[in-house]
Every structure is written in C-alpha cells, then in structure tokens.
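Commentary on secondary and tertiary structure
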Amino acid sequence: MLTFVGLGLYDERSITIEGREALREADRVFAEFYTSKLAGATVDAIESYHDVDIEVRDRAGVEQNPDPILDAAAEGDVVFLTAGDTMISTTHVDLRLRADERYIDTHIVHGTTAEAAAASLTGLQNYRFGKATTLPFPYAHGADGVPGSVLDTIADNRDRGLHTLVYLDIKVGTGPKGPDPDHEEYMTGEYAAELLADELDAIGVVVARAGSPDPVVAADSLAALAEKSFGDPLHLLIIPGDLHVIEHDALSELAGAPESVLPDPV
C-alpha cells in the first residue's frame, strides 16, 4: 500500500487524525518538500511529534527515480508526505499511476490546502475564483518581469468578474545559476506585488502564513503592497475580480483594505 498524506498548512499538528494514524502504522515514510513546506516545522519536529523516521526525497528522487518508494510500497505499508494536499496544492498523480502499474494499492489522506485557506481568511467566496496561476522568479522563466501567461490568466478572470489565486514561486535545490543543493528561496507577497504593479493597476490581497497562529491578510493596491513587508513564508497573492457586498466588507474589515482602492460591490 502507498498512502499519500497531506500534512496541511503550517506545522506538525496540521495533519488530520486519519493522516496521523496512517503515519503511525506505516513501515516506511517518505516525503518531499521541494514543492512546498511546513513553514512552522522542521523535518526533525515532524519526526519527533509523530515518532517516525522520514526519508526526504528531492525532485529527481520522486519524479525520475521513484523506485525506492515503489519497491518499499510493494513490500509493506508506505506513507508519502507533502505539505498541503498531495493531489491539489502539490500534485503527485504520476507517482500514483506508477504504483497502479505495479498493482500497488494506493490511498489518499487529504490535507488542508492553500486554496481553501485563501478563501477562508480573506472572506472571498471560493466559487468566485477562476483559474489559478503561479508567478515565477524572473530567472526561473528566463526573462524579465511577468510571463504573459500569468497576465493572460489574470485578465481572463477579471473579464469574467472572477478572483485569481496567484501561487508564489518556491525554489529549493535550484537557483539562478542552476542546480544548487543549498538554495532555498520563497517569493514574498511584497515582491510579487512589485512585479505585478508594473503590469496591472489593481487591488491585491496578500495572505501570509496561512494555518499559523498569526496569519496575515492585507489588501491594498499592488503598488502599496509592494512597499510593505509580510514576514516569514509562505505567502500567497490574490487579484480580486468583482466583489459581492460581503466580499467588499470582508476585505475592508478583515484585510484592512482602504476604501479608496476597493471597487464598488456588484
């Protein structure tokens, strides 16, 4: 059995009870933290809290050389961990399909996602979000500024009155000069706002450290957000579309949006 377990959003306690039980019953536990991480916990903290040994795999060890994981799952019960949810915030469908090809049973234990937290913390209605996008570091896409695909997604959503969830780039093991095992970099909300402010005259909402005891939610013009600091990772950025009156009030009361930048509700 290969069980995919989402650790949730912030620390070693964010996991579900079902996930915790799967961890305790596993013969071996693997994990990856290159697509995301628990900002409030180290691997040692997760191991200590759940009384398990975790074998951390890098991108190549999951996507190009998954045989150690699959071999272990063919012989016993294996748990594969990621932050968030293993099939939404971090997608490992390929690994699940490889297991299926080897007649290895699979199971998914879901974890809370950044997408769910973005709606919950901001008061923006989850069914009014359109297609999400990821904003990469300029060096990661080989050009200055913001990729056209990101701007097109935001524009298409705004044309339809929908909000855009912008995931912010994470670089672990790869830096500006290529592979680098010591490189670890997380795009901040203020940096993302700065990049987008050069292209858009719009309001943005930064969500920092969702799932932690002290999450930050701040709404303002992109230019104003670029001048602020939102502290430790992980961060998200939302570009709102049309606002329902409740959403309008939520951004004002819960995210501190100045009335001067808020569009009228529709």
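Above this text you will find the structure in question.
Calculation rules
Residues numbered from 1 in each chain as written. Predicted model: local features only at pLDDT ≥ 70, side-chain atom pairs only at ≥ 80, totals over all residues. Heavy atoms only, no water. Pairing = 2+ DSSP bridges. Helix = DSSP H or I, 4+ residues; strand = E, 2+ residues; numbered from the N terminus. Axes fitted to C-alpha atoms, helices over the stretch in contact; angles between N-to-C directions. Contact = heavy atoms within 4.5 Å. Buried < 20%, exposed > 50% of the residue type's maximum accessible area, 1.4 Å probe, protein only. Expected span 1.5 Å × (residues − 1). Arc of directions from axis to C-beta.

Pairing is parallel in the open sheet, where 5 strands are placed in the order 3-2-4-1-5. Both edges of this open sheet fall to strand 3 (54–56) and strand 5 (106–109), since each of them pairs with a single strand only. Averaged over all adjacent pairs, the angle separating strand axes in this sheet is 25°, with direction ignored. One ladder, built from 4 bridges, connects strand 2 (residues 28–31) with strand 4 (residues 78–82); its direction is parallel. Across the sheet, the residue bridging to Val29 is Val79, located in strand 4. Lying over the sheet, helix 5 (residues 93–101) contacts strand 1 (2–6), strand 4 and strand 5, oriented at roughly 165° with respect to strand 1.

With that settled, consider the side chain of Thr133. Inspection of the secondary structure puts Thr133 in strand 6 (residues 133–135). With relative accessibility at 10%, the residue Thr133 sits in the buried group. Excluding residues within four positions of it along the chain, Thr133 makes contact with Val150, Thr153, Thr164, Leu165, Val166 and Tyr167.

This part covers helix 8 (residues 148–159). The first and last C-alpha atoms of helix 8 sit 16 Å apart over 12 residues, in line with the 16 Å expected at 1.5 Å per residue. Along helix 8, the residues classified as buried are Val150, Leu151, Thr153, Ile154 and Asn157. An end-on view of helix 8 places all buried positions within 160° of arc, on one side of the element. Lining the buried residues of helix 8 we find strand 6, strand 7 (164–168), helix 9 (189–197) and strand 12 (235–239). Just past helix 8, the residue Gly161 takes up positive phi, approximately 80°.

Here we come to the pairing of strand 4. Of all 5 residues in strand 4, 5 are buried, a share of seventy percent or more. Residues Val78, Phe80 and Thr82 line one face of strand 4 and the alternating positions Val79 and Leu81 line the opposite face, and both faces are buried.

Another point: unusual backbone geometry. Of note, the amide linkage connecting Pro233 to Leu234 takes the cis form, showing an omega dihedral of 5°. Checked against the element boundaries, Leu234 lands in the loop between helix 10 (222–225) and strand 12. The backbone phi angle of Asp51 is positive, close to 55°, even though this residue is not glycine. One can find Asp51 in the loop between helix 2 (43–50) and strand 3. Residues other than glycine seldom take positive phi values, yet Arg209 does so here, at roughly 60°. Structurally, Arg209 can be placed in the loop between strand 10 (203–208) and strand 11 (216–221).

These figures come from the coordinates and say nothing about function on their own.
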